[in-house]
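The lines below spell out each chain.
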Amino acid sequence: MSNTSTKFIQSSLGKKLLMGLTGLFLISFLIVHCLLNSFIFLNDGGILFNEGAQFMANNPIIRIMEIVLFFGLIAHALQALVLTLQNNKARPVKYTVKDGKANSKWYSRSMGILGSLLLLFLVVHLSHFWIDTKAAQFDGTIAEHNTYLEMIEVFHNPINVAVYLLGILALAYHLLHGFPSAFQTMGWNHPKYNGLIKKTGTLFSIIVPLIFAAMPVAIFLGWIK
Amino acid sequence: MSKLDSKIPEGALEQKWENYKSSVALVNPANKRSLEVIVVGSGLAGSSAASSLAEMGYKVKVFCFQDSPRRAHSIAAQGGINAAKNYQNDGDSTYRLFYDTIKGGDYRSREANVYRLASVSSNIIDQCVASGVPLAREYGGMLSNRSFGGTQVQRTFYAAGQTGQQLLLGAYSGLLRQVGLGNVEMCARHEMLDVVNIDGKCRGIIARDLITGKLERHFGHAVLLCSGGYGNVFYLSTNAMGSNVTAAWKAHKRGAFFGNPCFTQIHPTCIPVSGEHQSKLTLMSESLRNDGRIWVPKKHGDTRKANEITEEERDYYLERRYPAFGNLVPRDVASRAAKERCDAGFGVGASKMAVYLDFKAAIARYGHTQAVKLGVHNPSADELKEFGKQVVEEKYGNLFAMYEQITGENPYELPMRIYPAVHYTMGGLWVDYNLMTTVPGLYALGEANFSDHGANRLGASALMQGLADGYFVIPYTIGAYLSKEISVKAISTDHEAFVAAEKNAQEIIDKLFAIKGTKSVDYFHKRLGKIMWDKCGMARSEKGLKEAIAEIRALRDEFWKDVRVPGTANDFNPELEKAGRVADFIELGELMCIDALNRTESCGGHFREESQTEEGEALRKDDEFAYVAAWENNGNHTYELHKEELKFEAIKIAQRSYK
Amino acid sequence: MSGHMNLTLKIWRQKSDKEKGKLVTYPVQNISPDMSFLEMFDVLNEQLITKGDEPIAFDHDCREGICGMCSMYINGRPHGPKRGVTTCQLHMRSFKDGDTIVVEPWRAAAFPVIKDLTVDRSAFDRVIAKGGFISVNTGNAQDANNIPIPKTDADAAFEAAACIGCGACVATCKNSSAMLFVSAKVSQLALLPQGRVEATARVKNMVAQMDEEGFGNCSNTGACEVECPKGISLENIALMNREFFVANIK
């Protein structure tokens, strides 16, 4: 049995399944993240938003999920690295002329680059918000920690806003391919539902990043105080 | 005479094969393991034979010149495969399929073989379906049939326009299964260059590894040639570019008689030649003649566009000459009629070597029925045309698309231009009832043998014959020979006969390189093709054939003095491969002309201008020519004729008429 | 003659797998728009032979789009600019006078170059040999109509079976993945009742062999489906994924 499952995980299709599953898991996290952050649009001086942040920081299930999420992200990224290396090896001599746009979308062909950008963005993002929060958790000051104020401060800096917008753009394109791709990998391809999956994917890839993008923009422009 | 023994079993026609199967000697499983069989060619016949024999326990080696056994040209057959299943309850039977095949072949095939073919036809369909061939089905889940080739029953099984592909891939998958199990050794990109006979029996082959150029010796207790037909002797044909006669011809030079070499099938509906650059011809399925009307202008040398020629000015010559069958006359008749019109100066298109195949009437007819079906009252002319086009597209869409792709013309608006092209060769190595050639241990299967099709093959019968030979005939008949070989140990390939054969093959290669002439191989091939097409094509005459023989001999001399083969022998060298094949085609071409000259009757695809009725129809001479012409190669381009008389006991011979 | 073209060809020349290759420029004149792409190569080769040069080696056989042997990567696309055709069915009217055309072989580690534009695709055969069949011996078959097959299933199986094994999917895939090829066979046989019997072993064994041959992984860009001359659908890949997961859970 263990031999079979090792074989499964090591097979090309097994690795792909892992990509798809972790991808879908990360997507589900995005939904939660997006919903909670949307509290800032209430423009209530961050009361509800901070309550949400506190809840997330204190709830044990969330804390466990945070670890799972972290491993999911690592698995997604590492697996992508392994697959990319393998894929490069599968074509040792490159084409002189390759007309990729004739048969596929640029973002479908650029998931590695988009993903790497996202990873870089994530480092910036975590250094802005997560590390402080973690520190607060450990030194017991979490109750006084005001993530909302932190956000207002970060997004008053135009460079930060630009970095975030770029990061979110990368996310949008990453999702535009990743969302339907995950379904295909899971084997959920049926002419009857393909249109639905594709449309949902496209809407998701536009709406979620738009909501995220609205946050730094709104703060920068002073709509949210 | 005495040299030919067809070994037809005794008994009533219906009982021959059954009796044979029950009484043929068997080889026990332990002995099969030490018996080796070589199969040359991986088409329907080769793949099905190889997998069946390997399943039985023989050690099998398969050779093909392509990069994979899946490429064999059986794959290109479009229409379908006949079987006397009588699923349509329209009165079909083994006897009817047998009768149609004998009659279609213009009474020049062997009754016992054809009856066996008809009786195993049903098993073929069963076998293919079991091995995953997705044949077309009805909504109830049952297999679908269509009518084909002018028969009165619906017995043709099909998979859209890709029946050959699906059947071949089915046989190929069976072959690859045996490769995976280690029972078959597959040698792709290998070309057979000679057979090796030891003490009067075939014991192996010499093959060239086409990538390294190395000559290899392979031993087999028996050798099966499943190497297809030789239509490429005409240079332009519907065959694949690599299809060749080399394996069969080398066998012929080593003692296997060549049967009816002049019997060639010219298919009436092919896309015409567009220029000097033409490398091959593409078939448009015969099914198009169910709906298309064939015509030429009535006016001699008319250069107007098709749409400018009015109804009254069109000559629907098939409907005029053959009112009973019209556009659905057999292939040989339709082809000759097209040639007659073009030769008389009524041809169309830039080359004037084409006739129109027009779907205008069909589009109009279908337009009306479709309007009724859709409940559209008083449809406009444009609507009618649109409805009609929809129906035609559903039936023939892929063919129309292919036509447009190749010619750049839209066949929904303009009539198709078509012209006959070489398609299939009924002739081939002479074999007895066991499919064994005149060399013991050397067999020929499928199109490579002189086969069951007589002087003309019916549509959807080639696939049937290839699979019948491979799946259901050879597994039995090879036992008759191999059961006597069980004590023969594998012969070392260091045996002098192997050494000599390899040396011979090497010398031919060296000779080709040594010429260092000025003309490419294609140059000679094209010239050979033109001689054959003009003088040994759709119409043959004594004068033309004699000229052709002289011209071919001169061409042969020129080839061996002036051909240029670039590159080296120990390398992947397609030009060298072609050179060897063309050298053999030139020799075969001469024999074809000799055979055609000998047969002073007209039958099936063989039309001798001297032998026709007053109306210009083919005239068969049964009292003189009811025989298979089997030619023995006596070396030095001399051939000796042996006759196998054809006896018709179950069928009464009659002159064909399609008036 | 009217409409005839002069073109510049840049063609990959490579002696063998062991040696490095490079693009070599060849001008060709007076090319008829009615020629097929391969007939244009015939003309060029004829010129090269007459000049005493070695002709360009390329695979081709049936020249009617069904054998799957022809395999040229033309201006960055397998089988050239037209959809739904193989190289042999591509005609010169798809190009215009003065065009430069770059022709390369299929490039993949699993398809080593033999010479010039000829590559070794025997990896496909080895994948099929691991399970691309139904284990039925000759003579075992029952009557063909004993198992009714719904027309939709039969048609779907047929569409998957239309694959000609040319390898354009691998050639165009940015990862050199063979998923479309392998899945077409897995699907065809999985859709038929006759093929279900050994579906589990089939998909496992074929995927294992596919991986061993060194093909890349599928990242669902969909390029293969677009470039497939026979229109094999991505649905087959999804179906294979499904079959594979189920087979591994069992």
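Quick caveat: nothing in here was measured; it's all calculated off a predicted structure.

Helix and strand counts for chain C come out as nine helices and seven strands. A burial count over chain C gives 65% of its 250 residues as buried. Excluding contacts between residues fewer than 6 apart, the proportion of contacts in chain C whose partners are at least 24 apart in sequence is 70%. Carbon and sulfur atoms make up 50% of the accessible area of chain C, which totals about 8,300 Å².

The next thing to look at is the overall build of chain A. Looking only at helices and strands, one finds nine helices and zero strands in chain A. Looking at chain A residue by residue over its 225 residues, the buried ones come to 42%. In chain A, 77% of the contacts between residues at least 6 apart in sequence involve partners at least 24 apart. When the 16 basic and 9 acidic side-chain charges of chain A are each reduced to a single mean position, those positions are 29 Å apart.

Let us look at a negative patch on the surface. Residues and elements named next belong to chain B. A contiguous patch of negative charge, built from Asp382, Glu383, Glu386, Glu393 and Glu394, is present on the exposed surface. With respect to the helices and strands, Glu386 occurs in helix α11 (residues 381–407). Given a relative accessible area of 41%, Glu386 falls into the partly exposed group.

Glancing now at the nonpolar core. Formed by 247 residues in total, the largest nonpolar core has its most connected members in Leu224, Tyr443 and Ile478 of chain B. Those residues in contact with Tyr443 of chain B, other than ones at most four positions away along the chain, are Ala222, Val223, Leu224, Leu225, Asn434, Leu435, Met436, Thr437, Ile474, Thr477, Ile478 and Tyr481 of chain B. Ranked by size, the runner-up nonpolar core spans 34 residues in total, among them Ile40, Ile168, Phe179 and Ile219 of chain A.

Time to look at the pairing of strand β14 (residues 355–358) of chain B. Residues and elements named next belong to chain B. Residues Val355 and Leu357 line one face of β14 and the alternating positions Tyr356 and Asp358 line the opposite face, and both faces are buried. In the sheet, strand β12 (residues 293–297) pairs with β14 via three bridges, with the strands oriented antiparallel. Bridge pairing in β14 places Trp295 opposite Tyr356. Sheet topology note: the β14/strand β15 (residues 416–425) ladder contains three bridges and is antiparallel. Looking across to β15, one finds that Val355 is bridged to Ile418.

Here the focus is the sheet that holds strand β10 (residues 258–259) of chain B. Residues and elements named next belong to chain B. Across the sheet, which stays open at both edges, the four strands sit in the order β16-β10-β18-β19 with antiparallel pairing between neighbours. Taken across any chain shown, the strands that pair with only one partner, and hence form the sheet edges, are β16 (428–429) and β19 (639–645). The pairing of strand β18 (residues 627–633) with β19 spans seven bridges and is antiparallel. What sits directly across from Ala629, in β19, is Lys643. The strands touched by helix α7 (residues 246–253) within the sheet are β10, β16, β18 and β19, with β18 carrying the most contacts at an inclination of about 75°.

Here we take up the sheet that holds strand β5 (residues 100–104) of chain C. Residue and element names in this part refer to chain C. The sheet built from five strands is open, its strands ordered β2-β1-β5-β3-β4 with mixed pairing. The outermost strands of the open sheet, each flanked by one partner alone, are β2 (22–31) and β4 (77–78). Pairing of strand β1 (residues 5–13) with β2, which is carried by eight bridges, proceeds in the antiparallel orientation. Note that in β2 the partner of Ile11 across the bridge is Val24.

Right, let's get into the interface of chain C and chain A. The partner chain A presents 35 residues to the 47 residues of chain C that form the contact. Between chain C and chain A the total buried area reaches about 3,300 Å² when both faces are included, carbon and sulfur atoms providing 54% of it. Seen at the junction of chain C and chain A, the total is zero salt bridges. Applying the counting rule to chain C against chain A returns 29 residue pairs in polar contact (both at pLDDT 80 or more). Sorting the residues of the side of chain C that touches chain A by element identifies β5, α4 (168–172), α7 (199–212), α8 (223–227) and α9 (235–249) of chain C as the ones contributing at least two each. Ranked by the residues each element gives to the side of chain C that touches chain A, the list is headed by α9 of chain C, at nine residues.

Quick look at the domain arrangement of chain C now. All names here are of chain C. By the assigned domains, chain C splits into domain 1 (5–104) and domain 2 (121–249). Taken together, the 16 residues of domain 1 in the interface contact twelve residues of domain 2. Between domain 1 and domain 2, the buried area comes to about 1,000 Å², and carbon and sulfur atoms account for 49% of it. Across the pair Glu227 and Arg77 runs a salt bridge whose closest N-O atoms are separated by 2.8 Å. Applying the counting criterion to the domain 1 and domain 2 interface returns five residue pairs in polar contact (both at pLDDT 80 or more).

There are two pairs of chains in contact here, and the one with the most contacts is chains B and C. Without any contact between them, chain A and chain B keep their closest C-alpha atoms 20 Å apart.

Let's shift gears to the environment of Val296 of chain B. Tracing the backbone shows Val296 of chain B in strand β12. With 76 residues separating them along the chain, Val296 of chain B and Val372 of chain B place their C-alpha atoms 32 Å apart.

In this section: the interface of chain C and chain B. Contacts between the two partners involve 70 residues from chain C and, on the opposite side, 73 residues from chain B. For the pairing of chain C and chain B, the buried interface totals around 5,900 Å² over both sides, and the portion due to carbon and sulfur atoms is 53%. Taken together, the connections running from chain C to chain B amount to five salt bridges. Applying the counting rule to chain C against chain B returns 40 residue pairs in polar contact (both at pLDDT 80 or more). Those elements that place two or more of their residues in the side of chain C that touches chain B are α1 (37–51), β6 (113–115), β7 (118–119), α2 (122–129), α3 (151–161) and α5 (179–191) of chain C.

Further remarks concern the packing of aromatic side chains. This model, assessed by the stated rule, comprises 48 aromatic pairs over all chains. For the pair Phe98 of chain B and Tyr115 of chain B, a centre-to-centre distance of 5.3 Å together with 70° between the ring planes defines the contact as edge-to-face. With Phe98 of chain B in helix α4 (residues 94–104) and Tyr115 of chain B in helix α5 (residues 111–130), this residue pair connects regions lying 17 residues apart in the sequence. Both residues of the pair, Phe98 of chain B and Tyr115 of chain B, belong to the buried class. Note on Phe625 of chain B and Tyr627 of chain B: the rings are 5.8 Å apart at their centroids and 35° apart in plane angle, and the pair reads as tilted. When its relative accessible area of 2% is taken as the criterion, Tyr627 of chain B is described as buried. Each member of the aromatic cluster is reached from another via a ring pair, and the members are Phe121, Phe129, Phe155 and Tyr164 of chain A. Lying over the aromatic face of Trp17 of chain B, Arg116 of chain B brings its terminal NZ or CZ to 4.9 Å of the ring centre. The cationic tip of Arg293 of chain B hangs over the ring face of Tyr316 of chain B; the distance from NZ or CZ to the ring centre is 3.7 Å.

Conventions used here
Residues numbered from 1 in each chain as written. Chains lettered and ligands numbered in written order. Predicted model: local features only at pLDDT ≥ 70, side-chain atom pairs only at ≥ 80, totals over all residues. Heavy atoms only, no water. Helix = DSSP H or I, 4+ residues; strand = E, 2+ residues; numbered from the N terminus. Buried < 20%, exposed > 50% of the residue type's maximum accessible area, 1.4 Å probe, protein only. Contact = heavy atoms within 4.5 Å. Areas by Shrake-Rupley, 256 points an atom, 1.4 Å probe, with all protein chains shown as cover. Lys, Arg positive; Asp, Glu negative; His and termini not counted. Charge placed at Lys NZ, Arg CZ, Asp CG, Glu CD. Patch = residues over 30% accessible without salt bridge, like charges linked within 9 Å, V, L, I, M, F, W, Y side chains within 5 Å. Salt bridge = Lys/Arg side-chain N within 4 Å of Asp/Glu carboxyl O. Core = buried A, V, L, I, M, F, W, Y, C linked by side-chain atoms within 4.5 Å. Pairing = 2+ DSSP bridges. Axes fitted to C-alpha atoms, helices over the stretch in contact; angles between N-to-C directions. Buried area = accessible area lost by both parts, 1.4 Å probe. Polar contact = N/O pair within 3.5 Å; in protein donor to acceptor, adjacent residues only side chain to side chain. Domains from an automatic or database assignment. Phe/Tyr/Trp six-rings, centres within 6.5 Å; stacked < 30°, edge-to-face > 60°. Lys NZ or Arg CZ within 6 Å of the ring centre and 35° of its normal.

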